[in-house]
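# Understanding the architecture of this molecule
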Amino acid sequence: MASRGGIHALLRTLRRTSSYAAGREIRPGPACVLLRLGARALSGDAALCSRPLSGETHAELLELSHRDPDRFWGRAARDRLTWDRDFERVQDCDLQQGRIRWFVGGKLNVSVNCLDVHAARDPNRVALIWEKDEPGTEERVTYRELLEMTCRIANTLKTHGVRKGDRVAIYMPVSPVAVAAMLGCARIGAVHTVVFAGFSSDALAGRIQDAQCKVVITCNQGVRGGRLINLKATVDAAVKSCPTVKSVLVAQRTNHSVPMGELDTPLEEAMARESAECPPEVMDSEDMLFMLYTSGSTGKPKGIVHTQAGYLLYAALTHQHVFDYSAGDVFGCVADIGWITGHSYVVYGPLANGATSVLFESTPVYPDPGRYWETVQRLRINQFYTAPTAIRLLLKYEESWVKRYDRSSLKTLASVGEPINNEAWEWFYHVVGEGRCPLVDTWWQTETGGVCIAPRPAEEGAEIRPAMAMRPFYGIQPALMNEKGQILPGGGVSGALCVGQPWPGMARSIFGDHQRFVDAYFKPYPGYYFTGDGAHRTEEGYYQITGRMDDVINISGHRLGTAEVEDALDEHPDVPESAVVGVSHELKGEVPFAFVVLKESAEENQEDVLKELGQLVATKIAKYAVPDHFLVVKRLPKTRSGKIMRRILRKVAMEKADGLGDTSTLDDPAVVSEIVQAYQRYKSRTAKA
Ligand code: 7RM
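Residues numbered from 1 in each chain as written. Predicted model: local features only at pLDDT ≥ 70, side-chain atom pairs only at ≥ 80, totals over all residues. Heavy atoms only, no water.

### Examining the sheet that holds strand β16 (residues 330–333)
We count it as follows: Paired strands, as defined in this entry, are two strands with at least two bridges between them according to DSSP. Numbering of helices and strands starts at the N terminus; helices are DSSP runs of H or I of at least 4 residues and strands are runs of E of at least 2. Whenever a helix is involved, its axis is fitted only over the stretch in contact; in every case the axis is a line through C-alpha atoms, and angles between N-to-C directions fall within 0 to 180 degrees.
A sheet is described by the order of its strands in space; here 7 strands give the open sequence β5-β4-β17-β16-β18-β19-β20, paired in mixed fashion. Two strands in the sheet have a free side with no partner beyond their single neighbour: β5 (139–142) and β20 (439–441). The mean angle between the axes of side-by-side strands here comes to 20°, regardless of whether they run parallel or antiparallel.

### A few points about the site of the ligand
Stated precisely, the cut-off is as follows: A molecule or strand has a residue near it when one of that residue's heavy atoms lies within 4 Å. As used in this structure description, the phrase polar contact means that two N or O atoms lie within 3.5 Å; if the pair is within protein, one of them must be able to donate a hydrogen and the other to accept it, and residues adjacent in sequence are counted only when both atoms belong to side chains. The Shrake-Rupley method, run with a 1.4 Å probe, gives the accessible areas here. Residue values count only the displayed protein chains as cover. Here the term charged refers only to Asp, Glu, Lys and Arg, the term nonpolar to Ala, Val, Leu, Ile, Met, Phe, Trp, Tyr, Cys and Pro, and the term polar to all other amino acids, Gly among them.
Taken together, 17 residues lie around the ligand, and D441, T442, T446, D533 and R559 are the ones closest in. Within the contact set of the ligand, a nitrogen atom lies 3.1 Å away from a backbone nitrogen or oxygen of G417. Measuring from a nitrogen atom of the ligand, one finds a backbone N or O atom of P419 at 3.5 Å. Alone, the ligand offers 530 Å² of accessible surface; in the complex the protein occludes 96% of this. Sorting the residues of the shell around the ligand by element identifies α11 (340–352) and β25 (543–548) as the ones contributing at least two each. The class makeup of the residues in the shell around the ligand is 6 nonpolar, 6 polar and 5 charged.

### Observations regarding the pattern of salt bridges
Put simply, the rule reads: What counts as a salt bridge is simple: a side-chain nitrogen of Lys or Arg found within 4 Å of a carboxyl oxygen of Asp or Glu. Three labels apply to residues, based on accessible area from a 1.4 Å probe with only protein chains included: buried if under 20% of the type maximum, exposed if over 50%, partly exposed otherwise in between.
Across all of its chains, the model carries 43 salt bridges by this definition. With a shortest N-O distance of 3.9 Å, R89 and D92 are connected by a salt bridge. Across the salt bridge formed by K638 and E577, the nearest N and O atoms sit 2.9 Å from each other. Linking K638 in the loop between β30 (629–632) and α19 (646–653) with E577 in strand β28 (residues 577–585), this pair joins segments that are 61 residues apart in sequence. For K638, a relative accessible area of 25% corresponds to the partly exposed category. You can call E577 partly exposed: its relative accessible area is 22%. One connected set of salt bridges, linked through shared partners, spans E131, E138, R140, R371, E374 and R378.

### Observations regarding empty space enclosed by the protein
Over the atoms, a rolling probe the size of a water molecule traces out where space has been left empty. The condition that has to hold: The definitions used throughout rest on a 1 Å grid laid over the protein atoms alone, on which a cavity is an enclosed set of points accommodating a 1.4 Å probe that cannot get out and a pocket is an open set flanked by protein within 12 Å on both sides along at least five of seven lines; lining residues are those having an atom within 4 Å of a point. Grid points are joined across faces, edges and corners, and a volume is the space filled by probe spheres set on the points.
Evaluation of the coordinates by the stated rule reveals 2 cavities of 30 Å³ or more. In this structure, the second largest cavity encloses a volume near 40 Å³. Every residue along the wall of the second largest cavity is listed here: V194, V195, F196, F199, R207, L292, Y293, G338 and W339. Looking at the lining of the second largest cavity residue by residue, the class counts come to 7 nonpolar, 1 polar and 1 charged.

### Looking at the environment of R548
So the rule is basically this: Residues count as neighbours in contact if any of their non-hydrogen atoms are within 4.5 Å of one another.
Counting through the fold element by element, R548 comes out in strand β25. As for R548 and L497, which are separated by 51 residues in sequence, their C-alpha atoms are 9.8 Å apart. Those residues in contact with R548 that lie beyond four places of it in its chain are Q445, T531, G532, D533 and R559. One polar contact links R548 to D550, side chain to side chain, over a distance of 2.7 Å.

### Some thoughts on unusual backbone geometry
Most peptide bonds adopt trans geometry, and most residues besides glycine take a negative phi value. Cis geometry is adopted by the peptide bond preceding P367, which originates at Y366 and carries an omega value of -5°. Within the secondary structure, P367 is located in the loop between β17 (356–360) and α12 (371–379). Of note, the amide linkage connecting R456 to P457 takes the cis form, showing an omega dihedral of 5°. Within the secondary structure, P457 sits in the loop between β20 and β21 (478–481). Phi is positive for M470, close to 70°, though the residue is something other than glycine. Mapped onto the elements, M470 comes out in the loop between β20 and β21.

Without other data, these values stay purely geometric and don't point to any function.
Okay, structure coming up:
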C-alpha cells in the first residue's frame with residue numbers, strides 16, 4: 001500500500017546531501033525563578049533552576065492565580081519558557097476594549113522552546129511517533145531530527161521568499177513534515193494557517209485569500225482508512241483564484257506522482273538543498289504565531305489570531321496539568337492538526353514540555369474497531385485524548401475489541417469537542433480505562449488557545465463527575481450571565497458562559513477585522529469574554545457545558561456556522577432562500593437540517609435540485625457540512641423585521657413542535673403549521689424509504 005521510505009529515508013537523504021548539525025548550544029532564560037506548578041514538576045527539564053514557591057497545592061496555586069495573576073503568570077512564563085529577552089510587564093489587557101497583550105517587551109522563539117532546548121539536553125529523545133494509517137508501520141522522530149527537518153523547511157521557505165510576518169497555508173494531514181512545517185514557520189517568524197485537509201478547494205481558496213498567503217505547503221496525497229485522498233489536486237484548484245500564492249511546496253506522502261506546475265516545488269528535494277541549521281528569528285511576545293479559521297454564527301469563517309509567548313505558555317501548562325503529563329510519557333492526542341486541538345495538544349503543548357507526541361493518521365475503525373487500543377498497546381500510550389463522537393462510534397462494537405489489547409500504560413483519558421453524553425463517558429471510563437484512569441472532559445475553544453475548564457488540576461484524587469468539565473484551570477474565572485447581562489451568582493444556575501479575567505492563551509484578534517473580534521467576544525457582556533456557549537453551575541460550583549447558544553453547530557466535534565451552509569445553498573439559482581439548523585444525531589452529535597425554499601419553476605425536478613444542493617455544500621465547504629436532511633418549504637418563519645426565526649425551525653426539526661415558545665413576533669404565524677405539515681410529510685416519506 002501507499003508507503004515510501006518514510007521519514008528516516010528522508011532524513012538519511014538529507015544528511016548525505018548537506019552537512020549535519022546537532023542541536024546548538026542553548027542558554028537558560030535570564031530569569032531563574034521557578035514556580036513549581038503542581039505536585040510533579042517536569043523532572044530534568046523545568047528543574048533547570050528550581051526554587052519552589054511556598055504554597056504548592058493546586059488549591060493554593062489556584063488561589064494565587066486569581067489573587068495575583070501577574071505574579072502567577074509572570075513566574076510561570078519565566079520558569080517555563082526560554083527567553084531571548086525578559087518581558088517588562090506581565091500583561092496589558094483590557095477586556096472592555098478587547099485588548100489582550102501578555103509578557104510585554106519579551107523576546108523569544110517558539111521553535112527554540114519546542115525543539116532546541118530539548119535537542120540540546122537530550123537529542124535522541126523521541127519527539128514524535130507517527131502512527132501511520134497501516135498499523136505497525138509507525139516511525140519515530142527524535143528532537144534532533146525534528147529540529148533538523150524544521151530548519152530545512154524554514155530555509156526552504158526563506159528561499160521561496162517568505163519573510164517574518166508572511167502567511168503560509170499548510171494543507172496536509174498530520175505527519176512529521178507537517179509538524180516541521182508549522183515549526184519551520186515559527187522559526188523564521190512566518191505565520192502559519194493550517195487548513196484541515198477535509199476542506200474543499202473553495203474553502204481552502206477562501207482562507208488563502210483572506211490570509212493573503214505567499215506559500216502553500218501540501219502533499220501529493222493523503223492516506224486515511226486505507227483510502228487515498230488527492231490533496232494536491234485540491235490545492236491546484238484552489239490556488240487558481242489566489243494571486244498572492246507564489247509557490248506550492250509538495251511533500252511526497254505516497255509513491256504516486258502528481259503533475260507539477262509552474263508554482264510547484266517538490267518539498268523533500270528542496271529541503272535536501274538547504275542547510276540543517278537556521279538561526280531562529282527573535283520574536284516579540286505579541287507577534288503573530290498562527291491563525292486558524294473557525295466558524296462563527298454569522299458570515300465567513302474567521303481567522304483567529306494567536307501570538308507567541310502567551311499561547312505557548314498556556315498550551316504547555318495545560319498540557320502538563322490537565323492531562324497529568326510527566327516527563328517520559330507518551331502523549332496520544334488523536335486530533336488532526338487542522339483543528340486547534342492538534343495545534344495545542346499534538347504540537348505546541350507536548351513539544352514545549354519535551355514530550356513524545358503521537359501523530360495519528362488513521363481512523364478509529366481502520367482496519368477494525370480495535371485500532372485505538374491496539375495503538376495504545378503498541379506505543380505504550382500514557383494519555384489518550386479523543387472526541388465523544390469517536391467513543392459513541394466505538395461503544396457500538398463488542399467490548400472484546402477493547403479488552404484484547406493491553407491498556408495498562410494508560411494513566412489519563414480525555415475528551416474534547418462537544419458535550420460527552422453519559423453513556424459514552426461511562427464506556428470510556430469503565431471499559432477502556434477499567435475504572436482506573438481519571439477521565440477528563442476538557443472544555444475549550446479555538447479562541448481560548450488551551451483547555452479552560454476540566455476536572456484536573458484538582459487536589460490529589462479529587463472526585464470526577466461523569467460528563468462534566470467541572471473546574472476552571474489556573475487563572476480562569478468563569479461567570480454565568482442571564483439574558484439581561486447580569487451575573488448569576490451561586491449554584492444551581494444556568495446562563496451564558498463568560499470569562500471575567502484575561503489569560504495568556506486567549507486569542508488576540510480576528511485577522512484583518514479586529515472590530516469583528518471586539519463585537520463578537522467583548523461587546524455582548526462588557527468586561528467579559530463571551531464564549532458563545534451556555535453552561536450550568538452546580539451547588540458545589542462545578543461547571544457543565546450545555547452547548548452553543550448561537551447559530552454554530554457541532555458535527556462530530558467540527559464547528560460549523562449554519563450561515564455558511566445557507567450561503568452555499570443560496571448560491572443555487574433555484575434557491576431564493578434557505579435556513580439551516582442543527583439537529584441531534586446519535587453518532588455525530590449534531591447534523592445540519594436544511595429548510596429550503598425553491599423557485600416554482602424548480603418544483604418539478606426537486607429531487608435533482610436537492611442532489612445538486614448537497615454537492616454544492618461539499619464543493620463550497622466540505623463533505624461533513626452537507627445537510628443530512630433537506631425539507632422543501634413554501635416560506636420560512638420570519639419576524640416582522642425579516643429575520644429568520646431559526647429557533648422555531650430547530651423545534652420543528654427536533655420534533656418539539658408542541659413547545660414552540662413565543663411565536664407572537666412572527667410576521668405570519670400561519671407559516672408554522674405549514675412547516676410542521678411539510679415536516680410530517682417528509683418524516684413519513686423517509687420512514688417508508
Ligand atoms: C477544542 C474545540 C469549540 C466549541 C465550544 C463548545 C464545543 C468543545 C467541549 C465542548 C462541551 C466540551 N475547539 N466544545 N469542548 N462542549 N464540552 N468538553 O473543540 O473551536 O473547534 O470548538 O466546541 O461548543 O464552543 S472548537
